[in-house]
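# Summary of structural features
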Amino acid sequence: MRPPTDQQPTDRQPTDQRPTDRQPDAQPFAEHPDSNLATMLLSLPVRLSDPIVALAPTVLVLLVLVPLAANDADVGPTPWRAVNAGLMTAGAFALVVRRRSPVAVAVLTLLSGQLPLAVALYGLAVRRGATRTLAVLAVLAEIRLTIPFDLADLTTLSTLANVIEDPLVYGAVPLTLGLAAHQRARAVTVLAERNRLLEEARRHAEERAVAAERARLAREMHDVVSNRVSLITLHAGACGHAAADDPHTVRETLGLIRALGLQALTELRGLLGVLTPASDQGPSLRGLPALVDESRQAGLAVGLTVTGPADGLPAPGPAVQYAAFRIVQEALTNAHKHAPEAEVAVTVEVHRDGLRLAVVNSPGGTGEEPELPSGGHGLDGMRTRADDLGGTLDAGPTLDGGFAVRARLPLAAP
């Protein structure tokens, strides 16, 4: 047969077509004269359709074994040819429903020929596995396949082989293959279910990780934007109240506003670039004096006390310092919002059992300054930071009417 012209090997590709991904795989076959035959064999379907598989044994028995049983008395369980042909026909038609009623078909084929019985035993083993019913039918099938032979005449090796052949080929082999296929199907089902559960667990883990990262990014954005924008708003209000004949104060206030805006943009750029800044590059306890100075410049009376670590004690880790800085920052922001005329005391102490910090403000009225908006998430964010490190945070009003935020953090992140 001459191969089609579009599959013949060529020395160069046409200029108007690009080589496809399949051509490198087909090239080795093109070097042999049987390349078309190999291509046809490789293109055959691996799995036959269900109707063909269901009807093939029946068609085979009706076309081959039934005529043989009608002409030869040795083909069948009885010495009568007509009876053997009838039993073989009944077994052939019973195989059509072997998937729906495997036990009944196996019982019926015990009275039929060897091939229908072998197909029924295989189908029962595939669908039911190793059960008591299968064991009983297997014993009956072996007896049925042995009865036609004269067990008294086992004097020669060929006679013994003939006696063993039918129970082995039509009984033991189909049962073994059926049980193996059943175990394989069960293993495939278990693995598929396990893969499904693993995939579902992986998807849930990804969703939880995304939600946690989203919450952390929102917390960082809240801390940065809330603090800087609050200070910018306070400075803008002070600039608006400045006397028109005091340009120096106005320029100084505008400079502070610009500096705060640049700091906010820098931190936001870091957050948007890598979601959260690296712990060794982000804010730490060293930045507390500058943070306190910014609040003082905005009109809040803030005192800072930092103690430790003592000799021989390790300094808090970068993640702990970062969390401590953000907690103090958010506490000062809340003081600006709710007690702008109060006195605030910031205390940071490094002990052997961890880092302790407190931000306590006295009662303070709002005066003439407008109350800054609050989202109500600041305290939750501070508690989350402490909880993530294995620490604790308490926040609430004091006895004199002020407000206190106290946290205890470990020296190293878990």
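A few points on the structure. (Residues numbered from 1 in each chain as written. Predicted model: local features only at pLDDT ≥ 70, side-chain atom pairs only at ≥ 80, totals over all residues. Heavy atoms only, no water.)

## Here we look at the sheet that holds strand β1 (residues 301-307)
Across the sheet, which stays open at both edges, the five strands sit in the order β1-β2-β3-β5-β4 with mixed pairing between neighbours. At either margin of the open sheet sits one strand with a lone partner, and together these are β1 and β4 (392-397). Along the sheet, successive strands turn relative to each other by an average axial angle of 5°, direction set aside. For β1 and strand β2 (residues 343-351), the ladder comprises seven bridges, and the chain directions are parallel. Paired with Val-302 across the bridge in β2 is Val-344. Lying over the sheet, helix α11 (residues 318-338) contacts β1, β2, β3 (354-361), β4 and β5 (403-409), oriented at roughly 10° with respect to β3. Contacts between helix α12 (residues 378-388) and the sheet are confined to β4 and β5, with β4 contributing the most and set at about 155° to the helix. (Pairing = 2+ DSSP bridges. Helix = DSSP H or I, 4+ residues; strand = E, 2+ residues; numbered from the N terminus. Axes fitted to C-alpha atoms, helices over the stretch in contact; angles between N-to-C directions. Contact = heavy atoms within 4.5 Å.)

## Side note on the nonpolar core
Counting residues in each nonpolar core, the largest one holds 30 residues, and the members touching the most others are Val-328, Leu-332, Val-344, Val-346, Leu-355, Leu-357 and Leu-409. Mapped onto this core, the elements with two or more residues apiece are α10 (288-297), α11, β2, β3, α12 and β5. Ranked by residue count, the leading element in this core is α11, at nine residues. Of all hydrophobic cores here, the second largest spans 17 residues; its members include Leu-95, Ala-106, Leu-124 and Leu-175. (Core = buried A, V, L, I, M, F, W, Y, C linked by side-chain atoms within 4.5 Å. Buried < 20%, exposed > 50% of the residue type's maximum accessible area, 1.4 Å probe, protein only.)

## Brief notes about α11
Helix length check: α11 (21 residues) gives 30 Å between terminal C-alpha atoms against 30 Å at 1.5 Å per residue, within 8%. With 18 of 21 residues buried, α11 lies mostly within the body of the structure. (Expected span 1.5 Å × (residues − 1).)

## So, the environment of Leu-87
Here Leu-87 shows up in helix α4 (residues 81-94). Note on Leu-87: relative accessible area 26%, which makes it partly exposed. For the pair Leu-87 and Thr-109, spaced 22 residues apart in sequence, the C-alpha to C-alpha distance is 8.3 Å. When neighbours within four sequence positions are excluded, Leu-87 is seen to be in contact with Pro-77, Thr-78, Leu-111 and Ser-112.

## Observations regarding the pairing of β3
The buried count for β3 comes to six of eight residues, which makes it a mostly enclosed element. The sheet contact formed by β2 and β3 spans eight bridges and is antiparallel. Residue pairing for β3: Thr-347 is matched across the bridge by Ala-358. Inspection of the sheet shows β3 paired to β5 by seven bridges, in the antiparallel sense. Looking at the pairing, Leu-357 lines up with Ala-407 of β5.

## Quick word on the pattern of salt bridges
Evaluation of the coordinates by the stated rule reveals eight salt bridges. Across the pair Arg-196 and Glu-193 runs a salt bridge whose closest N-O atoms are separated by 2.5 Å. Linking Arg-196 with Glu-193, this pair stays in helix α8 (residues 157-241), spanning three residues, or about one helical turn. Arg-196 gets classed as partly exposed once you look at its relative accessible area, which sits at 42%. A salt bridge links Arg-356 to Asp-353, with the shortest nitrogen-to-oxygen separation between them at 3.0 Å. The exposure class assigned to Arg-356 is partly exposed, which follows from its relative accessible area of 30%. Each of Glu-193, Arg-196 and Glu-200 takes part in one network of salt bridges that share partners. (Salt bridge = Lys/Arg side-chain N within 4 Å of Asp/Glu carboxyl O.)

By themselves, these figures tell us nothing about what the structure is for.
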